[in-house]
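Coordinate inspection notes
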Amino acid sequence: MRYTMREFLWILISILCLVLLPWWQSVLISALVGVFLLRLTERGFKRRVVFLFIGLLITMITFHSSRSLVASAMSKLFKLPHYAFLAILSAGCFSILIALAAESFLWVKYSFRKVGDKLAPNQKLKPKKA
């Protein structure tokens, strides 16, 4: 339960960073914060992508509905019939980008830990034979 709450906290931080900062700064901050809050698990990446997508979809729909001039201009540029499609595409791209950035930092952390374990002297003391 503790790690699930940490993931939700990381998702909240990621969404707030994306709202307040430029996208590249929010990706970097989310990845760096993810090193301290997230664990490298088999299903963790999929769960983070899904939860980020849901949170960012809500955020993007509210952003595009409140900024109708920007949303209509972007929809016309990409030839999308409605700004909701733009919100879905934006949420999908940002959720995958942020989750992959955090996952790559977690893999680097895991790799350094494994190398450190291999290079460390053997901690087990063998009994001396008399």
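In this structure, Trp10, Ile11, Leu38, Leu52, Leu56, Met60 and Ile98 are the most contacted members of the largest nonpolar core, which totals 19 residues. Mapped by element, the contributors of at least two residues to this core are α1 (2–20), α2 (23–37), α3 (44–66) and α5 (83–119). Top element by residues in this core is α5. It accounts for seven residues. Filtering out sequence-adjacent residues up to four positions away, Ile11 remains in contact with Phe51 and Leu52.

Further remarks concern the pattern of salt bridges. For the structure on display, the rule yields three salt bridges. When the shortest N-O distance is used, the salt bridge between Arg47 and Glu7 registers 2.8 Å. Residue Arg47 is found in helix α3, and its partner Glu7 is found in helix α1; the two are separated by 40 residues along the sequence. Looking at Glu7, the relative accessible area reads 6%, which means it is buried. Note that Arg48 and Glu103 form a salt bridge whose closest N and O atoms lie 3.0 Å from each other.

Rules of the game
Residues numbered from 1 in each chain as written. Predicted model: local features only at pLDDT ≥ 70, side-chain atom pairs only at ≥ 80, totals over all residues. Heavy atoms only, no water. Core = buried A, V, L, I, M, F, W, Y, C linked by side-chain atoms within 4.5 Å. Buried < 20%, exposed > 50% of the residue type's maximum accessible area, 1.4 Å probe, protein only. Helix = DSSP H or I, 4+ residues; strand = E, 2+ residues; numbered from the N terminus. Contact = heavy atoms within 4.5 Å. Salt bridge = Lys/Arg side-chain N within 4 Å of Asp/Glu carboxyl O.

Read these as layout, nothing more, since geometry by itself doesn't imply function.
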